[in-house]
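Listed here are the chains, written in short residue letters.
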Amino acid sequence: MKNCKTWVEINKENLLNNVAQFRNRIGAEVKLSVAVKANAYGHGLKEISAVINPVVDFFCVDSIDEALELKAVATKPILILGYTLFSRLEEVVEKEFHQVVANIETLEKLSEISKNKNREVFVHLKIETGTSRQGIWLNDLEEFLNVFKANDLLRLAGVSTHFANIEDTTDDYYSKLQLEVYKKAVMFIESRGFRDFIKHTACSAAAVLFPETYFDMIRLGIGLYGLWSSTETQVVAAEKNIKIQLRPVLTWKTRVAHIKTLPAGTPVSYGCTEKVSVPTKVAVLPVGYYDGYDRGLSSVGNVIIKEKRCKIIGRICMNMCVADVNHIEDLKLEEEVILLGRGVSENVSTEEMAKKLNTINYEVVTRINPRIKRFVVD
Ligand SMILES: *Cc1c(COP(=O)(O)O)cnc(C)c1O
């Protein structure tokens, strides 16, 4: 950390606390899979996965490339949730990754590869229940099952679906509809003689709110990182008296790279969009939109320096921005700056930043540039 201008700290205790909170919620019978796609929601794929590997049952990623990177630190099975190109399906088979499948061409290709290599393949069929993204219609299921029946090496390892409208509302009616469609699909698959596949539907919000969505495994994403799926989820959880203590895991830091005092009336940064009205001490911070410090934070972002909030003045640049530090005494070069996360008495929450950017906490953390070093702190 001491050699970095900008870095991310991962609080190990909080991370393990969040895992324990969900373990406790779902019980010992239900498997816990964790979504570590998008560089573990910006927290660092390898750093996060190495810490939690011993206490989780399954990892979920989006792509074959993430799966390959993860394999260096994970001993638990890895499920690829997103699309894999035909040209990369051999790697899925060779590395024994589990693959979510929603189209027949992919299933047939996997079946062919398994026969050619005489290798088992682990497939999770994804059911279309109302998200209208990847997913197999009930009417098409038979055709998929016939491919499995024709090849013993092709294993139906799981059957999944994903909720469309669970965190954006306090109304659970659409999720209930989706759940009914999912159950119908499962009954149909079982009626065709398939057994022992992992049934999984629940994301974080479902894991918090609806035990009826757990089945054999949950897919925990945002909650792992100590963030709530949404305010609505938090509100409903409180109404239902569900006690889950989530602790944010990430703190994003940088250092003061220049200090100067600007005379009254001086414009700051590109476009001269903002002027200081009185003589003002400012600090240049070596972080910008390239790093993921969103340009939308121009003139509205806050950072924490020496336990005090400081306002960003003017535009965020590619690699730099400027903060008003007029009220910070004895400020020295290379003083630590919190861009996101909690200090001792001040906190810039992911939700605060998301609100300023008119987006959701998921986007704020996943956008932190993967080149920035992540450090796990005990
Ligand atoms: C990302 C993802 C999850 C995790 O969702 P959270 O809301 O972050 O818990 C679960 N399932 C699928 C299919 C996903 O893509």
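Residues numbered from 1 in each chain as written. Predicted model: local features only at pLDDT ≥ 70, side-chain atom pairs only at ≥ 80, totals over all residues. Heavy atoms only, no water.

(A) Layout of the packing of aromatic side chains. Counted according to the given criterion, the structure contains 6 aromatic pairs. Judged by centre distance (5.1 Å) and plane angle (65°), the ring pair of Tyr182 and Phe215 falls under edge-to-face. Linking Tyr182 in helix α8 (residues 173-191) with Phe215 in the loop between α9 (204-209) and β9 (217-220), this pair joins segments that are 33 residues apart in sequence. On the basis of relative accessible area, Tyr182 is assigned to the buried category, the value being 0%. Aromatic side chains Trp252 and Tyr293 sit 5.9 Å apart centroid to centroid with 70° between the ring planes, which places their arrangement in the edge-to-face category. Placement of the pair is Trp252 in strand β10 (residues 250-255) and Tyr293 in the loop between β14 (280-285) and β15 (302-305), with a sequence separation of 41 residues. Residue Trp252 is classed as buried on the basis of its relative accessible area of 0%. Owing to a relative accessible area of 0%, Tyr293 belongs among the buried residues under this scheme. (Phe/Tyr/Trp six-rings, centres within 6.5 Å; stacked < 30°, edge-to-face > 60°. Helix = DSSP H or I, 4+ residues; strand = E, 2+ residues; numbered from the N terminus. Buried < 20%, exposed > 50% of the residue type's maximum accessible area, 1.4 Å probe, protein only.)

(B) Main features of the site of the ligand. Around the ligand sit Lys37, Tyr41, Leu81, His162, Glu167, Cys203, Ser204, Arg219, Gly221, Ile222 and Tyr362, and those are all the residues in its vicinity. A distance of 2.5 Å separates an oxygen atom of the ligand from a polar side-chain atom of Lys37. Contacts to the ligand include Ser204, whose side-chain N or O atom sits 2.5 Å from an oxygen atom. Starting from 390 Å² of accessible surface for the ligand in isolation, the protein chains cover 91%. (Near = heavy atom within 4 Å. Polar contact = N/O pair within 3.5 Å; in protein donor to acceptor, adjacent residues only side chain to side chain. Areas by Shrake-Rupley, 256 points an atom, 1.4 Å probe, with all protein chains shown as cover.)

(C) A look at the environment of Glu105. The residue Glu105 is located in helix α6 (residues 104-117) in this model. Exposure remark for Glu105: the relative accessible area of 44% places this residue in the partly exposed category. A sequence separation of 87 residues divides Glu105 from Arg192, and the C-alpha atoms of the two residues are 21 Å apart.

(D) Inspection of the pairing of strand β7 (residues 154-160) at higher detail. The element β7 is largely enclosed, with a buried count of 6 among its 7 residues. With 6 bridges joining them, strand β6 (residues 121-126) and β7 adopt parallel strand pairing. Looking across to β7, one finds that Lys126 is bridged to Ser160. Tracing the backbone out of β6, into helix α7 (residues 141-149) and back to the parallel element β7 gives a crossover that is right-handed. In terms of strand pairing, β7 meets strand β8 (residues 198-202) through 3 bridges, oriented parallel. By the bridge assignment for β8, Val159 is matched with Lys199. (Pairing = 2+ DSSP bridges. Right-handed = clockwise from strand over helix to strand, strands pointing away.)

(E) Fine view of the environment of Leu297. Among the secondary structure elements, Leu297 is positioned in the loop between β14 and β15. The exposure class assigned to Leu297 is buried, which follows from its relative accessible area of 2%. Taking the C-alpha atoms as reference points, Leu297 and Lys311, separated by 14 residues in sequence, lie 9.8 Å from one another. Setting aside residues up to four positions removed in sequence, Leu297 forms contacts with Ile312, Ile316, Met353, Lys356 and Leu357. (Contact = heavy atoms within 4.5 Å.)

(F) Spatial organisation of the state of the cysteines. In this structure the tally under the stated criterion is 0 disulfides. As a non-bridged cysteine, Cys60 has Cys203 as the owner of its nearest cysteine sulfur, 12 Å distant. Among the cysteines around Cys321, which has no disulfide bond, Cys317 carries the closest sulfur, lying 7.7 Å off. (Disulfide = S-S within 2.5 Å.)

Fair warning: the whole summary comes from geometry, so function is off the table for now.
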